[in-house]
Amino acid sequence: MADAIRVSGPISGTDRTLSFETGKLAQLADGAVQARIGDTIVLATVTASRHVREGADFFPLTVDIEERTYAAGKIPGSFFRREGKSSDQAILICRLIDRPLRPSFPKGFRNEVHVVGTVFGADQVNPHDIIAINASSAALMISGIPFDGPIGAVRVAYTTDGTWIPHPTFAEGDDSTFELVVAGRALSDSPDTEIAIMMVEAGGTEGSFDRYAQGAPKVDEEVLAAGLEASKIWIREAINLQRQMVAEYVATRGPIEPIPYAVLSDYGDDIFVAVEEAGTASLTAANVQTSKAERNAALDGAGAEIIAALEPRFPERVGEIKAAIRSLTKKLVRMRIVEDGVRIDGRSVTEIRPLTAEVDLFPTAHGSALFQRGETQVINVTTLGMPRMNQLIDTITPDETKRYMHHYNFPPYSTGETGFMRGPKRREIGHGMLAERALVPVVPTQDQFPYTLRLVSDVMSSNGSTSMASVCGSSLSLMAAGVPLKAPIAGIAMGLVKEGDNYVTLTDILGAEDAFGDMDFKVAGSADAVTALQLDTKIDGLPADVLAKALHQAKVARLEILEVMNACIDAPRPEVAASAPKIVSMEIPIDKIGEVIGPKGKVINTLQQETGADIAVDDDGVIGTVTIGAKDGHAVEEARRRISLILDPPTAEVGEVYQGRVVNTTKFGAFVNILPGRDGLLHISKMSALAGGKRVGQVEDVLELGQSIEVRVEDIDPQGKVSLGLTGENAAAPAPQRDDAPAPRERERERESEAPKTATSSSSFEDAFEAELAADLGDLGPGAPVANDAPGDRRPRNRSRRR
């Protein structure tokens, strides 16, 4: 086995190191690098096809993340006990890797490339996503695959005292108010070169607005810009360490052999010149149409005319003509924006399309909203549920449950196309998680609002930034559902066109502007704080002043959108919808949980059956929590009243009459619940009145579980055990007591003094115990009880009554 090549370096501002190792594992892959921080370890492998797939007109890059549960010392929780489809978390990491890597391959490179990250160690302290990005870049650097790297990545967290810390642990991230994931590359080979930011994924943390209310500094546009600038320090460290690994690899193994490949062009220069001459006028006129449908129809018509005019000259090159038409369209759109300040639909660069907002679309939904911006239209529906509906997460991170869920659906009809609908694709999962991240900071905690929340965004029509429309729709539907958000949230998508040294920032981009532009920049937040950010650039670096201008321009747009949303609904409704469950939560001592649940769940099941409420009991190891929910508020209050009585049960009084319910039967009697948390024993010898004065052979002959019966408390012993008798004219009169009869406590002491001191066999013990019961309670009937069936046992065992 070949010796591994290892490099490591300290992470500034921490006590940890980042390390890379290659040459030991997966030696048949084009490149394989194992990266590590703490005990979190990720192996990244890259392979490339040596041939271009026939007909490929795009770069086929695939990224997969394999999260092995053994990395965290777990066994998968699925039925097959094996990892199945990728988790949402793994899909998001794939997207984080793909976004900075894809633009770093040569233009025209069409060989299939596969990047696989396998998580071998997950120490529950250090996240593995940033490690995977750096490992993937490092593997490409030694693979021979054409790659303009290295790419460095870092996560930075904004603390409550206003500082950015690098590579935060899970705990540090939870305690912060905002997290930024930033990837970039160096603009030269110098160790101190400027870093060009290529990708940003950021969001506020759960409870961040509560921390703001307690005095933590808010994350606004200026703080964000400072965080992006600060991240360059650790991106540069990751890049320099990768370069060090490459140098040692070359010194040990020799030069890296580049794989052979051909750069493919969609069209020849002669085709583009011909298309430009024949189609500039018609394509320019078509791009003036403001409606997407009309514009697309006009472009299709212009394209057909160009093809008809040029096909006789280039009969075998129709595909090139089509590609050149698209390239010319892109050029014309960009020129109009930069030179005239006018966009495809006639707007200025800072203008937002018409906005509308509406709530309460569907009467059965707990909360619903429609948000429309131009031709982009999204319906969002909120559903409230009991805490037991929290999503269980079977991953290798410390997270085990998820309370707030956002699901995003993008059907093909939203773009006027046909297609398959077979579950969410990676894009849909990514958009849903972005919208979810934008709302997490303002969603109340479970202590403040004890509901599980599921939001669904259904895109009705799409022409630019449906994810940000989903953010706006989410805020509206949550407030309509009565969820006490800390602040309303709006989102906006920005774009950028760069020609030479001229940067033009676009507000509220269309789908075509996203495709033809140089940046996709989404910002969500409240009126005074940013809650989510996503940025992807196709250019080498974003000057600080351009970024600051884009952030400010996005805030102006966000405030304009918030005005429209506030005109629709300006605050959360004071109560949840009538169709939503009414939920209350109460804390109980952890040692009382067993009493609320009861043996085999009998108490809690009875409460649910009789009140109609849904009751869930949980604990954090210190204190218990009971959550009660029902559509009928009276059912909730009744269940809470009964649980309160179980926690602080009333005391039974000797001689008092109670309407009880049979909760258990044994050979020697029936246990009757007379008060919440209070059961008593009605002995079989006292049931003759129920059988017409005849001796009762079996309790089940005269009583059944759940039967209501009126009883009188005849005695309560020092241990609190209650002896019951029947009431009414048919009930047997209680046995008369002599004036000199000993008191209950004295009788107990007499029995103890008269009981045998030792038992020589099991039969002698049973005989003595049976005699003791008979002396106290009378004839026990057929089948004497054993010790475990004593009348003082509150949870008698269920055994066969017939042999």
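Everything below is about the structure printed above this text.
Described below are features of the structure shown in this document. (Residues numbered from 1 in each chain as written. Predicted model: local features only at pLDDT ≥ 70, side-chain atom pairs only at ≥ 80, totals over all residues. Heavy atoms only, no water.)

## A look at the overall build of the chain
Applicable threshold: Secondary structure is summarised from DSSP: a helix means a run of H or I of at least four residues, a strand means a run of E of at least two, and numbering begins at the N terminus for each. Our radius of gyration is a C-alpha quantity, and the globule rule it is checked against amounts to 2.2 Å times the number of residues to the power 0.38. Three exposure classes are used, based on accessible area relative to the maximum for each residue type with a 1.4 Å probe and protein chains only: buried under 20%, partly exposed in between, and exposed over 50%. Residue contacts follow a heavy-atom distance rule, with two residues in contact if any of their heavy atoms lie within 4.5 Å. Note that His is not counted, nor are the chain ends; the positive residues are Lys and Arg, and the negative ones are Asp and Glu. To locate a charge, the coordinates of NZ of Lys, CZ of Arg, CG of Asp or CD of Glu are taken.
Within the chain one finds 17 helices and 29 strands. Taking 2.2 N^0.38 as the reference for a compact globule, 803 residues should give roughly 28 Å; the C-alpha atoms of the chain span a radius of gyration of 36 Å, well beyond that estimate. Taken over the C-alpha atoms alone, the chain extends approximately 120 × 65 × 55 Å along its principal axes. Expressed as a percentage of its 803 residues, the buried residues of the chain come to 50%. Within the chain, residue pairs in contact and separated by at least 24 positions form 69% of the contacts whose partners lie at least 6 positions apart. Computing the positive centroid from 84 side-chain charges and the negative centroid from 114, the chain places the two 3 Å apart.

## Observations concerning the packing of helix α2 (residues 129–141) against helix α5 (residues 221–253)
Counted only if it meets this: Axis geometry follows a simple rule: fit a line to the C-alpha atoms, using only the stretch in contact for helices, then measure angles between N-to-C directions, giving values from 0 to 180 degrees. Here a crossing is called left-handed whenever its near helix is offset anticlockwise from the far helix by less than a right angle, and right-handed whenever the offset is clockwise. Residues are grouped as follows: Ala, Val, Leu, Ile, Met, Phe, Trp, Tyr, Cys and Pro are nonpolar; Asp, Glu, Lys and Arg are charged; every other residue, Gly included, is polar.
Direction vectors running N to C along α2 and α5 enclose 35 degrees, while the axes themselves pass 10 Å from each other. α5 is crossed by α2, and the crossing has right-handed handedness. On α5, the residues touching Asn 134, Ser 137, Ala 138 and Met 141 of α2 are Ala 238, Gln 242, Met 245 and Val 246. Across the contact of α2 with α5, the residue classes break down as five nonpolar, three polar and no charged.

## Structural notes on the side chain of Glu 513
Put simply, the rule is: We define a polar contact as two N or O atoms separated by no more than 3.5 Å, with the added condition that, inside protein, one atom must be a possible hydrogen donor and the other a possible acceptor, whereas residues neighbouring each other in sequence contribute only through side-chain atom pairs.
Along the polypeptide, Glu 513 turns up in helix α11 (residues 511–516). Among the polar contacts made by the side chain of Glu 513, one reaches the side chain of Arg 343 at a distance of 3.0 Å. What Glu 513 contacts, discounting residues up to four positions off in sequence, is Ile 337, Arg 343, Ile 344, Arg 347, Leu 506 and Asp 508.

## Side note on the nonpolar core
For clarity, the cut-off: Only buried Ala, Val, Leu, Ile, Met, Phe, Trp, Tyr and Cys residues count toward a nonpolar core, and they belong to the same one when joined by side-chain atoms within 4.5 Å.
In this structure, Phe 105, Leu 180, Leu 439 and Phe 521 are the most contacted members of the largest nonpolar core, which totals 152 residues. If one sorts the elements of this core by residue count, α5 sits on top with twelve residues. What Phe 521 contacts, discounting residues up to four positions off in sequence, is Ile 492, Ala 493, Met 494, Leu 533, Gln 534, Leu 535, Leu 547, Ala 550 and Leu 551. If you look at the next biggest cluster of nonpolar residues, it comprises 21 residues, including Leu 682, Ile 709, Val 713 and Val 722.

## Structural notes on the sheet that holds strand β24 (residues 623–630)
The line we're drawing: Paired strands, as defined in this entry, are two strands with at least two bridges between them according to DSSP.
Reading across from one edge, β22-β24-β23 is the order of the three strands in this open sheet, with antiparallel pairing throughout. The open sheet terminates on both sides in strands that have one partner only, identified here as β22 (582–589) and β23 (614–619). Between one strand axis and the next, the sheet turns through 20 degrees on average, direction left out of account. One ladder, built from six bridges, connects β23 with β24; its direction is antiparallel. From the neighbouring strand, Asp 619 faces β24, where its bridge partner is Gly 624.

## Overview of the pattern of salt bridges
Operational definition: Salt bridges, as used here, are contacts in which a Lys or Arg side-chain nitrogen is within 4 Å of a carboxyl oxygen on Asp or Glu.
In total, this model carries 41 salt bridges according to the counting rule given. Of the charged contacts in the structure, one is a salt bridge between Asp 528 and Lys 218, with a shortest N-O distance of 2.5 Å. Of the two residues, Asp 528 is situated in the loop between β20 (519–525) and β21 (530–537) and Lys 218 in the loop between α4 (208–213) and α5; the sequence distance between them amounts to 310 residues. Take Lys 218: its relative accessible area is 35%, and that puts it in the partly exposed class. With a shortest N-O distance of 3.4 Å, Arg 347 and Asp 508 are connected by a salt bridge. Of this pair, Arg 347 sits in the loop between α8 (318–340) and β11 (355–359) while Asp 508 sits in the loop between β19 (502–507) and α11, and the two are 161 residues apart along the sequence. Looking at Arg 347, the relative accessible area reads 6%, which means it is buried.

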